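The residues making up each chain are set out below.
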Amino acid sequence: MKARPLAWLEGKRTFILLALAGAALPLMDDSYIGLIATRACIYWILVAGLNLVVGFAGQIAIGWVALLTLGAYTTAVLTAGTVLPVVHPFLALAISGAAGAMFGVVVGLPALRLRTFYFAMTTLGFATIVTQVALAWKGVTGGGIGVPGPVFPAPFDSGWGFYYFCFALAVVSTWMTANIAVSRFGRGLVAIRDAEVAGEASGVSKRSLLTTVFLFSGALAGVAGGLFASLQSYITPDAFTFDLSILFFIAILIGGRGSIVGPLLGTIILTVLPEFAAPLVAWSTFLYAALLLAIVLAMPGGIADLLDVKNRRPLERHREIVPRPEILPRLLGEERENEGLSLSNITLSFGGVRAIAGLDLEIRPGEVHGLIGPNGSGKTTTLNVISGYYAPQSGEVRLGKMALPPGAPQRRASFRIARTFQTPRVIGAESALDNVKTGGMIDGRASFAESLLTLPRHRRDEADLHERAMRALTAVGLEALADVRADRLQHSELRFLEIGRALMLRPACLLLDEPAAGLSAEEIRRLGTLIKAISRAGTAVLLVEHHADLIFDICDRVTVLNLGKVLAAGTPAEIRSHREVVSAYLGA
Amino acid sequence: MPTSAPDILLEVKGLSAGYGKIGVLHNVALSIATGEAVALLGPNGAGKTTLLKAISGLIGRGGEVRFAGRDMAGAGPREAVAAGLAHVVEGHRVFTQLSVFDNLLLAGYGMAKTERRRQVDEALAFFPEIAEKRHDRAGSLSGGQQQMLAVAQGLVRRPRLLMLDEPSAGLSPVLVDRVLAATRRLRQDGTAILLVEQLIEKALATVDRVYALARGTIVLEARADEPKLPERLERAYFGQDAHAPLEA
Amino acid sequence: MLESIVSYGLAVGAVYALIGITYNVMFSASRVFSFTAGMLGMLGGVLGALFITRLGLPVALGLIATVACGAIIGVITEFVAVRPVLKNLEQHLYVLSTLAFALLVQQFTAIEWGTDAQPFPRLFQIEDSLVDQKFWLPVVACVATIVGLEILYRHTLVGRAFLAISEDNYAARALGLPEQRLRIASFALAGVIGTLAGFTGGEVLLAFFGNQSILNFYGFVPVALGGMGSNRGAVVGGFALGLFQQAANFLVGGVFAAVAVFVVFIIILLARPEGLAGAVSARRV
């Protein structure tokens with residue numbers, strides 16, 4: 001893409017305007033406005049972190065006020081010195097951040113195991129418990145009487161001084177979360193939200209990624225709590241109502257999932273709105289709830305969607321996908337060592353029903369291997385064994401000489417085994433380019449902290465990923481649609497997009513699950529050419545497909561399954577004339 | 001067999017359907033006369049099940065479906081059933097927690113009580129094997145018996161057209177014959193049948209006419225007793241112009 | 001002391017069990033976990049006090065008016081917060097839509113009714129001999145509900161249709177069952193059961209808008225542990241939870257009871273995400 005001057009400014013306009021407005025706010029010389037603005041900054045510090053959990057990773061954490069409470073009491077109690085020796089406010093704030101991080105993980109970890117609603121309930125339960133503990137643990141928290149909040153040393157002790165302190169932290173939080181948003185970690189989080197299985201296949205580790213994000217988000221919440229305690233000047237459990245949790249949560253959803261600007265605006269609006277309409281104060285939570293309902297039912301994209309002008313421009317109606325297989329060698333690498341994939345004696349039963357009964361299969365590099373058979377013959381099950389969703393009861397899958405760990409789908413990417421899905425699994429809310437970049441997840445070298453601070457290694461990662469992703473898009477013929485949201489693409493384009501994503505792994509073995517379903521005859525022809533070229537570039541390709549013509553056109557070898565066993569195997573010509581196959585496949 | 005000027009019971013024109021963005025069926029046209037038995041054949045993934053679902057209104061569709069002279073635009077499965085179009089879905093999905101008898105009663109949901117009882121008894125009469133087990137939980141039946149129960153459910157409302165989706169799937173050859181024999185009896189009683197079946201020979205022995213579906217559209221229509229039908233079907237499935245495999 | 005533990009424990013346990021059944025009835029019909037279960041319990045207390053204390057209706061009429069309101073609100077829930085998001089169940093939008101709807105109702109209650117816990121009227125002007133009515137009422141309501149549901153499911157065609165759509169929605173639709181109407185009816189039924197719980201437990205829990213989140217959580221614990229959709233699990237779990245909670249309350253203090261329940265809940269769920277009696281998860285690919 002051509003570099004334009006000031007291109008980096010694009011999309012940052014709202015941030016810059018807000019930063020200028022925030023910096024210039026003291027000129028208004030109204031301490032009431034200062035108070036509200038400080039509160040908005042503090043809320044945003046928490047919401048910025050929570051946004052990664054809710055907006056990006058899609059985890060419904062509705063009880064985040066618990067971490068604010070925790071941070072507030074930690075800072076207040078430590079600076080007051082009622083229990084332990086007096087701690088300097090800044091140190092106390094840092095400790096609150098650490099405590100927040102720790103409890104962020106404690107509250108968040110159930111998300112790894114539990115279903116959405118269950119997780120929402122546990123966060124809700126946690127919020128209730130923390131308030132009750134604060135009320136009951138009188139020796140430390142002062143119970144219902146409360147504790148005084150910390151006062152930060154000059155120049156942060158005055159109203160505007162404290163405002164600038166919070167404002168600076170809010171700017172830093174924005175910057176850090178925005179960095180994460182455009183890193184492989186941000187894309188991994190969105191993959192967990194919208195296309196978990198595909199993310200797993202690309203090597204997104206839900207466990208480590210979510211743990212990291214809960215740490216970070218908890219730390220921000222803890223810090224926000226400390227600041228909140230100072231702003232309140234005196235804290236009691238009453239200050240931490242569940243309404244506050246709702247405010248944080250709804251600010252994100254009103255803002256729009258997967259956006260930073262949107263939730264930022266959402267936080268400002270929700271903080272400011274009740275202040276300017278005094279009669280509304282009693283109704284504020286009612287209004288938040290009404291807004292939430294309206295957003296969910298009518299405008300799931302939130303504010304961010306309204307701001308996203310680019311994706312409302314109409315697309316060309318009659319688009320053609322023209323893959324360019326000739327650049328595949330550059331994308332996949334010229335010299336590749338690959339000994340292919342082999343399955344030996346795989347058996348797998350579900351509740352007494354044999355799905356696969358002693359299957360041997362060899363998929364050689366440089367070849368397209370077709371896998372056909374009637375419904376229920378075990379084709380998709382075979383794919384799922386290879387990609388680790390099922391652990392076979394016996395037998396082994398090997399890549400060259402390495403035996404693949406049974407189960408463990410998230411570890412297949414590191415073996416360079418890529419796949420596509422029967423129903424395309426893409427992230428609709430992200431651009432085609434970002435979807436493809438998700439496939440390059442495991443090649444990133446920068447750590448979460450490096451991405452947070454956009455250090456050189458992170459920038460190198462991203463530059464490299466961008467270049468490869470554009471190449472992959474070009475190879476599958478979608479480069480013109482790189483910036484288009486995936487949910488605006490046609491079905492056929494999604495099929496090619498998935499292949500593009502899979503190519504980012506530079507796969508030793510590529511598994512294609514009915515890639516031709518729903519494609520036109522011309523598109524199938526182009527798909528065939530592309531698949532064949534991918535194999536010729538040194539990839540072992542396994543193709544599960546119903547379109548007999550495509551199978552016989554491009555496969556070098558075909559295996560026919562029936563009732564979980566190999567019915568026949570050979571060249572397409574041999575299979576084509578095999579009576580038993582014709583009868584099993586056609587049913588005669 | 002209705003030979004002279006058969007009146008059309010089901011007429012489908014320009015039908016398209018799919019799941020979300022995936023178009024499965026394109027411009028499908030077919031018709032079934034009153035009392036006629038028709039088989040819908042085709043390879044895996046051709047869209048046979050989708051076609052039945054689109055006809056019965058289980059999924060959305062474009063195009064025209066007329067049944068018994070009535071335009072079925074916007075009609076869901078409930079309206080279809082009420083009009084006399086029963087759809088027995090694939091995979092003998094009966095309600096395993098309920099008794100055989102209750103499963104059948106549910107098929108007559110909304111009918112008058114005595115009428116419903118009588119119809120259930122009539123439906124059971126087709127399948128003596130499950131009639132014996134009418135008080136057993138459907139979950140305790142074998143796969144074949146569950147399939148019979150599913151077909152019997154389809155009969156409770158005395159439909160004018162019964163659509164059967166792979167009634168033979170997962171059954172032993174003996175059971176397949178029993179299910180298909182019941183189908184033939186129904187046809188003799190004047191019920192039209194639309195049968196989706198993988199076992200071509202058995203299907204051909206059951207029906208008057210066949211349609212073949214491939215790649216989401218009808219590629220062949222023929223009488224069941226035409227010569228060389230299997231060969232013609234094979235060509236239709238693989239595409240008439242199946243070229244020789246490329247050798248790299 | 002044992003006496004108060006048992007009587008209090010059984011009373012709140014019965015309320016939890018009924019709220020659990022409320023979750024189940026909605027879940028069976030729609031596969032939706034709804035935050036409105038606790039809301040219905042809260043409303044049972046508030047509406048009962050409104051109709052009987054404030055408006056002076058006789059007890060029987062007050063009960064009928066309360067459960068009728070519950071049924072209507074249940075139906076509104078289905079229309080507003082459930083039906084629009086059913087198409088994309090896997091996006092879990094129902095968590096947000098039912099939460100939003102429950103919050104709307106709760107906030108409206110807080111504003112119109114007040115945020116203080118208000119007394120619930122005594123239903124029967126009789127001298128309680130052995131056990132006070134406030135303790136046995138919820139238990140009786142719970143037993144009546146179980147018996148009623150049993151009759152519905154085992155002896156009526158509508159009840160069997162409920163079971164059918166809960167087991168296999170697709171097959172039920174193919175068979176021509178009025179799935180949509182049955183779903184609406186289920187939500188109305190859930191409304192009745194939920195408000196009945198709050199109404200009969202009114203004297204113990206009071207007419208208080210804040211009961212919503214408490215009942216949401218403690219009503220969910222037994223169903224989560226017993227397996228979603230299992231009424232038996234909800235009842236056993238509900239009573240066990242009530243007794244455990246009250247015992248801890250009396251013996252070591254309320255906060256520790258709450259913390260203990262929460263910790264046990266999390267640990268069991270983490271060990272068995274589908275509940276102690278639940279089935280394994282569905283296939284993903």
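It should be emphasised that the depicted structure is a prediction, and the values quoted were computed from it without experimental measurement.

So, on to the overall build of chain B. When helices and strands are counted, chain B shows 9 helices and 10 strands. Its C-alpha atoms give chain B a radius of gyration of 18 Å, near enough to 18 Å, the size a compact globule of 248 residues would have. Projected onto the principal axes, the alpha-carbon positions of chain B cover approximately 65 × 40 × 40 Å. Counting the 248 residues in chain B, one finds 51% classified as buried.

A word on the overall build of chain C. Along the backbone of chain C there are 12 helices and 0 strands. The N-to-C order of helical and strand elements in chain C reads α-α-α-α-α-α-α-α-α-α-α-α. Relative to its length of 285 residues, chain C is compact, with a C-alpha radius of gyration of 18 Å against a globular reference of 19 Å. With respect to the principal axes defined by its C-alpha atoms, chain C has extents near 55 × 45 × 40 Å. In chain C, which comprises 285 residues, the share counted as buried stands at 55%. For chain C, contacts bridging at least 24 residues in sequence account for 78% of all contacts bridging at least 6.

With 31 residues of chain C at the interface, the matching set in chain A holds 34 residues. For the side of chain C that touches chain A, the secondary structure elements donating two or more residues are α4 (93-113), α10 (211-226) and α12 (254-271) of chain C. When residues of the side of chain C that touches chain A are assigned to their parent elements, the largest contribution, 12 residues, is made by α4 of chain C. Partitioning the side of chain C that touches chain A into residue classes produces 26 nonpolar, 4 polar and 1 charged.

Another point: the packing of helix α2 (residues 36-54) of chain C against helix α3 (residues 59-82) of chain C. All names here are of chain C. Their axes nearest at 9 Å, the elements α2 and α3 cross at an angle of 145°. Crossing of α2 against α3: the hand is right-handed. Contact residues: Thr36, Leu40, Leu43, Gly44, Leu47, Gly48, Phe51 and Ile52 in α2; Val59, Gly62, Ala65, Thr66, Cys69, Gly70, Ile73 and Thr77 in α3. Broken down by class, the residue content of the contact of α2 with α3 amounts to 9 nonpolar, 7 polar and no charged.

The next subject is helix α16 (residues 379-386) of chain A. Residue and element names in this part refer to chain A. When you tally the buried positions in α16, you get 7 out of 8 residues, the bulk of the element. For α16, the full list of buried residues reads Lys379, Thr381, Thr382, Leu383, Asn384, Val385 and Ile386. Remark: Gly388 follows α16 within two positions and exhibits a positive phi of approximately 85°.

As recorded in UniProt, the feature "transmembrane region" (unreviewed entry) lies at residues 6-25, 32-53, 59-81, 93-115, 135-153, 187-209, 215-243 and 250-271 of chain C. For residues 59-81 of chain C, helix accounts for 100% and strand for 0%, while the C-alpha atoms at its two ends are 32 Å apart.

Residues and elements named next belong to chain B. Here 4 strands make up an open sheet; going across it, the order is β2-β1-β4-β5 and the pairing antiparallel. Edge positions in the sheet fall to β2 (22-33) and β5 (70-71), since each of these pairs with one other strand and no more. Taken together, the 5 bridges between strand β1 (residues 8-19) and strand β4 (residues 62-67) define a ladder with antiparallel strand orientation. The residue bridging Leu10 from the neighbouring strand is Phe67, located in β4. The strands touched by helix α1 (residues 48-56) are β1, β2 and β4; relative to β2, the strand with the most contacts, the crossing angle is about 70°.

Predicted coordinates in regions of low pLDDT should not be interpreted in detail. Counting all residues, the mean pLDDT for chain C is 89, and 95% of those residues have values of 70 or more. For this predicted complex, the interface score ipTM comes out at 0.89, alongside a pTM of 0.89.

All names here are of chain A. Inspection of the secondary structure assignment puts Val484 in the loop between α19 (456-476) and α20 (491-503). Residue class for Val484 comes out partly exposed when judged on the 18 C-beta atoms lying within 10 Å of it. Non-local contacts of Val484, meaning those with residues more than four positions away in its chain, are made with Asn311, Leu315, Ser431, Ala432 and Leu489.

Residues and elements named next belong to chain B. Overall, the predicted model of chain B reaches an average pLDDT of 86, with 93% of residues at or above 70. Here residues 1-5 is modelled with pLDDT under 50, and outside its nearest four sequence neighbours on either side it reaches 5 contacts, counting other chains as well. This model gives residues 240-248 a pLDDT under 50, and the stretch forms 11 contacts once residues within four places in sequence are excluded.

Time to look at the packing of helix α1 (residues 2-30) of chain C against helix α8 (residues 179-200) of chain C. Residue and element names in this part refer to chain C. For the pair α1 and α8, interaxial distance at closest approach is 9 Å and the crossing angle is 175°. Looking at the two axes, α1 sits roughly antiparallel to α8. For the pair α1 and α8, contact is made by Val15, Leu18, Ile19, Ile21, Thr22, Val25, Met26, Ser28, Ala29 and Ser30 and by Leu182, Arg183, Ser186, Phe187, Leu189, Ala190, Ile193, Gly194, Leu196 and Ala197, respectively. Its residues assigned to classes, the contact of α1 with α8 comprises 14 nonpolar, 5 polar and 1 charged.

Attention now moves to the pairing of strand β10 (residues 217-223) of chain B. Of the pairings in the sheet, the one linking strand β9 (residues 209-214) of chain B to β10 of chain B comprises 6 bridges and is antiparallel in character. From the neighbouring strand, Arg209 of chain B faces β10 of chain B, where its bridge partner is Arg223 of chain B.

All names here are of chain A. Pairing in this open sheet of 4 strands is antiparallel, and the strands run β4-β3-β6-β7 from one edge to the other. Two strands close off the open sheet at either side, each with one partner strand: β4 (353-363) and β7 (402-403). Of the pairings in the sheet, the one linking strand β6 (residues 394-399) to β7 comprises 2 bridges and is antiparallel in character. Along β7, the bridge assignment pairs Leu399 with Met402.

Cut-offs and rules
Residues numbered from 1 in each chain as written. Chains lettered and ligands numbered in written order. Predicted model: local features only at pLDDT ≥ 70, side-chain atom pairs only at ≥ 80, totals over all residues. Helix = DSSP H or I, 4+ residues; strand = E, 2+ residues; numbered from the N terminus. Rg over C-alpha atoms; globule rule 2.2 N^0.38 Å. Buried ≥ 20, exposed ≤ 12 C-beta atoms within 10 Å, placed from the backbone. Contact = placed C-beta atoms within 7 Å. Nonpolar A, V, L, I, M, F, W, Y, C, P; charged D, E, K, R; others polar. Axes fitted to C-alpha atoms, helices over the stretch in contact; angles between N-to-C directions. Left-handed = near helix turned anticlockwise from the far one by under 90°. UniProt positions renumbered as here; feature names shortened; annotations may be inferred. Pairing = 2+ DSSP bridges. pLDDT = per-residue confidence, 0-100. Parallel < 35°, antiparallel > 145°, perpendicular 65-115°, else oblique.

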